[in-house]
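Coordinate inspection notes
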Amino acid sequence: MANHGADKPSSRSGSPDGEDRASEDRSLLHQRLAVQELIDTEVSYLHMLHLCASDIRSRLQQLPQGDLDVLFSNIDDIIKVNSRFLHDLQETASKKEEKVQLVGNLFLEFQEELEQVYKIYCASYDQALLLVETYRKEPELQQHIQGIIKAVVPQAGSSGLSFLLVIPLQRITRYPLLLQKILENTHPDASAYPVLQRAVSALQDVNTNINEYKMRKEVASKYTKVEQLTLWERLARINTHTFSKKTTRLSQLLKQEAGLIPRTEDKEFDDLEERFQWVSLCVTELKNNVAAYLDNLQAFLCFRPHEYSLDIPEGPAVQYCNLARDLQLEAFLKFKQRLEGLVWQPLCSLAKALLGPQNLIKKRLDKLLDFERVEEKLLEVGSVTYEEQATRHTYQALNSLLVAELPQFNQLAMQWLGQILCTFVTLQRDLAKQVLQRAEGSMAQLPHHDVPEPAFRKLVGDTLGRTSKQLHSFQENFEKVLPPPTTQHRGYVPAGKLQLYHVVPSAEELRRKAGLNEDPRCLTPKPVRAPVPSIPTVNQVIAAYPFVARSSHEVSLQAGQPVTVLEAQDKKGNPEWSLVEVNGRRGYVPSGFLARTPSPVLWGWNLPS
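Before going into details, it helps to say that this report is about the structure given with it. Fair warning: this is a prediction, and the values are worked out from it, not measured in the lab.

Okay, the sheet that holds strand 1 (residues 539-543) next. Taken in spatial order, the 5 strands line up as 4-3-2-1-5 in an open sheet, and their pairing is antiparallel. With partners counted over all chains shown, the strands left at the sheet margins are strand 4 (585-590) and strand 5 (594-595), one partner each. Across 3 bridges, the pairing between strand 2 (residues 562-567) and strand 3 (residues 577-582) is antiparallel. Within strand 3, the residue paired with T564 across the bridge is E581.

Contact pair helix 4 (residues 75-93) / helix 5 (residues 99-109): the axes reach a minimum separation of 9 Å and the direction vectors enclose 165°. When the axis of helix 4 is compared with that of helix 5, the two are roughly antiparallel. Crossing of helix 4 against helix 5: the hand is right-handed. Facing helix 4, whose interface residues are F85, D88, L89, T92 and A93, helix 5 presents K99, L102, V103, L106 and F107. Among the residues making up the contact of helix 4 with helix 5, the classes are represented as 7 nonpolar, 1 polar and 2 charged.

The next point concerns the packing of aromatic side chains. By the definition in use, this model includes 11 aromatic pairs. For the pair F85 and F107, a centre-to-centre distance of 4.9 Å together with 65° between the ring planes defines the contact as edge-to-face. Of the two residues, F85 sits in helix 4 while F107 sits in helix 5, which places them 22 residues apart along the sequence. Take F85 and F107: they sit in the same class, and that class is buried. Taking the relative accessible area as the measure of exposure, F85 reaches 0% and is therefore buried. Sitting above the plane of the F72 ring, R57 keeps its charged end 5.8 Å from the centroid. The positively charged end of R364 is found above the aromatic ring belonging to F269, 3.6 Å away from the centroid.

What counts and how
Residues numbered from 1 in each chain as written. Predicted model: local features only at pLDDT ≥ 70, side-chain atom pairs only at ≥ 80, totals over all residues. Heavy atoms only, no water. Pairing = 2+ DSSP bridges. Helix = DSSP H or I, 4+ residues; strand = E, 2+ residues; numbered from the N terminus. Axes fitted to C-alpha atoms, helices over the stretch in contact; angles between N-to-C directions. Parallel < 35°, antiparallel > 145°, perpendicular 65-115°, else oblique. Left-handed = near helix turned anticlockwise from the far one by under 90°. Contact = heavy atoms within 4.5 Å. Nonpolar A, V, L, I, M, F, W, Y, C, P; charged D, E, K, R; others polar. Phe/Tyr/Trp six-rings, centres within 6.5 Å; stacked < 30°, edge-to-face > 60°. Buried < 20%, exposed > 50% of the residue type's maximum accessible area, 1.4 Å probe, protein only. Lys NZ or Arg CZ within 6 Å of the ring centre and 35° of its normal.

Structural data, given as structure tokens:
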């Protein structure tokens, strides 16, 4: 009995160490289980991503490609990063010693990559959910999508696409929890403990940065929309609140310009904005130049010498026409199509891509003025309202987004612009090479093909000089024989100021009248009926002045144009207007614009022989 009693105290004295060892063993067991849970869930997660990217996305090809890009976003990039992460994670699990420390180091190593790929996916998640809601309004499409998802992922249930799209968000937010579980089962004195602490903090920072990026993207999406509004629509949007806000901003800006209050300086952003504006100017100038180039090319293609009949059966002219036809119908036409597709359209897309950042930069200035006003109030009063606090956050989000993304955007825009310029140069080189190849056979048959270039240039200059002198001589002779210009009446001339034309009697009529007056036997003329002054029904006259018809009852005239007078007065008997026929058209013209000629030949000139 004594021995038995003596044994009891010894067992009690050893129990604390045993409990510590048991507790330590339990912690190590839970630690191993937590690491294994991390690996197992990572395998299951990566398998689900592969199902979404391959099986489900490939079966949803009836959806527009733009919808698929929004729904699955950058899931391929996530698969690449997580595949490498899982591979390294499984390698660390095979090492018994310092396994936990290696896991912590692995998360620290992949911190930036995880943040980079998951922030893009999370930023487009809300837009993907909006697409899912639109699909639910179409029963046939929704049923088709649900059938595909149920066949591939039965556990998705009625949630369908929503169940799959949220998986990456759940995974990135679960990493800190899994690491925290490993940390809780790691002894504080262990060498892996500070590494795990840094890993937990790093993954929490990753989630915080993703949320901030998502918030900045939401703010940016609100202000990057470029709306084409009419003046009336813009006026309809003005209310008391917007008018007050814009007035306050203008007052803040005027105070800064006057030097009454300091201006917030941001050297980093100012440099980025200056570079962006320079890129925008380059794109705009290049777009204008390419547009002018296309217009000139179109005008050049309209000139088709091969379609004109030169009445030259053979010789260099025919060869030139054949070459021109080949170039017009093939070389230049293909060059224009390639220029529009490979230069003009990408340039227009680049110019369109600049509109969003340009609008963001303008909005940033407005929000900066609001931010400065709130900061002044905060210094004076010490507190701001909830709305003013939201104003501060909006500016900070816009500024952070622009500072973070403008450098990448400027770099990509410059690369895009450089590729467009290289493509333009390449197209020009290809066109020149193609034209020379096509013209090589014809050039050998043209005259002076064997003349050296300097001599050919001199030959062309001399020929052009002689031709210029001939044209100048022809012009001088032409001006000598050209009839004097007639006075042209522009606008409306009152009929009362127009000079009436009269019919010149023929020579026979003049002699008959003269004979009557000289006959001595006719002392007293016989009473005859007074003749009615009129013009013969048909008279051939010419237009002395040009006349522009002002209504459908009138007809236009050109100076020197032959005119047939049908009636020497209008329907009311007014002789100031005559009914005439010109080039098959009938109408009234002022009588004072018409004149008779003694000979059927009008007027003209002869060129010197």
